[in-house]
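If you want the building blocks of each chain, they are given just below.
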Amino acid sequence: MRVITNHDRSQYYLVDKGSNSNGKYLPRKERRRAAAIAQRDYNAAVASIIGRQIIALNNLTENYHPEEIDTAFTGLHPGRRPLVTPVREPDEDFIARWRHLPYTGKPFEINAPEFFTSTGVRVRSKSEIIIADALDRAGIPYRYEFPASIKGWGTLYPDFTCLDVRTRKEIIWEHFGLMGDTDYTENAVQKISRYAATGYILGKNFIATFESGNTPLSVKQVQAYIKTIFKQDAHRQQN
C-alpha cells in the first residue's frame with residue numbers, strides 16, 4: 001500500500017506486488033481495508049523485530065554466566081582466599097552468613113502444642129510446617145519469627161523471613177490461619193496495612209496466605225506462591 005499526503009489529508013493506494021504503477025486509489029469507504037493492510041504490515045514488522053530480539057536474548061543467555069564471578073574466587077587455592085577481597089561475596093558464603101545471624105525469636109507459651117518441620121525447626125501449626133518444608137524443598141533460606149520493626153506496631157515476628165538469593169533481598173511470609181474469627185480477621189487486615197506502611201508490599205516483598213476452618217491451606221497454594229515470587233531461585237535450586 002502506498003500513502004501520500006494531499007492537502008493535509010492522507011490518501012491510500014493499493015499497489016500490486018511487483019507492479020510499477022502508482023496503485024489503485026482506495027476511497028474513504030474502503031478505509032477499513034486500508035487499516036487492515038496497514039495493521040498487517042505493522043504486525044509483520046514487529047514480529048520481525050521480536051524475532052531478532054529473541055535471537056539476541058538467546059545468544060546472551062547462552063554466553064552470560066554471572067556465577068563465573070563467584071568461581072573466580074571459590075576456585076582459588078584455600079590458602080590464597082584469605083588474601084583476597086572478592087568483588088562479590090559468593091552465594092554460598094552470603095547464604096551461610098545470613099542463615100547464622102543470631103537473633104531472639106518470639107517465645108513459645110508454656111504447654112503450647114509442639115510442631116516441628118522436617119529439619120527440626122519448631123513452629124506453631126501444621127500449616128507452618130507445610131510452608132517451611134516447601135521452602136526447604138525449594139532451597140529457599142528462611143528465618144522463623146525473625147523480629148522486624150513495623151510502623152505503628154513496634155516489633156513484630158513475621159512467620160518466615162525468606163531470602164531471595166537472586167536479589168539478596170528479604171521477603172516476609174505471614175500465614176493467617178484463623179480467618180473465620182472476626183476479631184482475628186480485623187487484626188490481620190490492620191497488620192497487613194502496617195506492613196505496607198513499613199515497605200512490605202503484598203506480591204513484592206510480602207507474601208500472605210490465609211485459611212479458615214472450612215478452607216485449609218493447601219500444599220499446591222504454597223508451591224504456587226514460591227514458584228511465582230522466588231522464580232529463578234526455586235528453579236535453580238531444584239535443578
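To start, this report covers the structure provided alongside it. (Residues numbered from 1 in each chain as written. Predicted model: local features only at pLDDT ≥ 70, side-chain atom pairs only at ≥ 80, totals over all residues. Heavy atoms only, no water.)

In this model, the largest pocket occupies a volume close to 570 Å³. The wall of the largest pocket is formed by 22 residues, among which Arg 124, Glu 128, Asp 159, His 175 and Tyr 184 lie closest to the centre. Residues of the lining of the largest pocket, tallied by class, amount to eight nonpolar, five polar and nine charged. (1 Å grid on protein atoms, 1.4 Å probe; cavity = no way out; pocket = protein on both sides within 12 Å on 5 of 7 lines; lining within 4 Å. Points joined across faces, edges and corners; volume = space filled by probe spheres on them. Nonpolar A, V, L, I, M, F, W, Y, C, P; charged D, E, K, R; others polar.)

Not every positive phi belongs to a glycine, and Asp 8 is a case in point at roughly 65°. Tracing the chain through its elements places Asp 8 in the loop between β1 (2-6) and β2 (9-14). With a phi angle near 50°, Glu 145 is a residue other than glycine that sits in the positive phi range. (Helix = DSSP H or I, 4+ residues; strand = E, 2+ residues; numbered from the N terminus.)

Applying the stated criterion across every chain, the model contains nine salt bridges. Arg 88 is the partner of Asp 91 in a salt bridge, and the nearest nitrogen-oxygen pair spans 3.2 Å. Exposure remark for Asp 91: the relative accessible area of 17% places this residue in the buried category. In this structure, the salt-bridge partner of Arg 166 is Asp 164, at a minimum N-O distance of 3.9 Å. (Salt bridge = Lys/Arg side-chain N within 4 Å of Asp/Glu carboxyl O. Buried < 20%, exposed > 50% of the residue type's maximum accessible area, 1.4 Å probe, protein only.)

This part covers the nonpolar core. Among soluble globular proteins, nonpolar side chains are generally buried collectively. By size, the foremost hydrophobic cluster in this structure holds 20 residues, and its most contacted members are Leu 135, Phe 160, Cys 162, Trp 173, Ile 226 and Phe 230. The set of elements that each furnish at least two residues to this core consists of α4 (126-137), β6 (142-144), β9 (160-164), β10 (169-176) and α6 (219-229). No other element matches the five residues that α4 contributes to this core. Core analysis: the second largest hydrophobic core is formed by 10 residues, Ala 148, Phe 176, Ala 188 and Ile 192 among them. (Core = buried A, V, L, I, M, F, W, Y, C linked by side-chain atoms within 4.5 Å.)

The next point concerns a nonpolar patch on the surface. Among the surface-exposed residues, Leu 57, Leu 60 and Tyr 64 lie close enough to one another that they form a single nonpolar patch of about 340 Å² accessible area. Its location among the elements puts Tyr 64 in the loop between α1 (31-63) and α2 (67-74). Among the residues examined, Tyr 64 registers a relative accessible area of 53% and is labelled exposed. (Patch = residues over 30% accessible without salt bridge, like charges linked within 9 Å, V, L, I, M, F, W, Y side chains within 5 Å. Areas by Shrake-Rupley, 256 points an atom, 1.4 Å probe, with all protein chains shown as cover.)

Moving on, we get to the pairing of β2. In terms of strand pairing, β1 meets β2 through five bridges, oriented antiparallel. Paired with Arg 2 across the two strands is Tyr 13, which belongs to β2. As consecutive antiparallel partners, β1 and β2 are separated by two residues, and within that stretch His 7 has a phi angle of approximately 55°, a positive value. (Pairing = 2+ DSSP bridges.)

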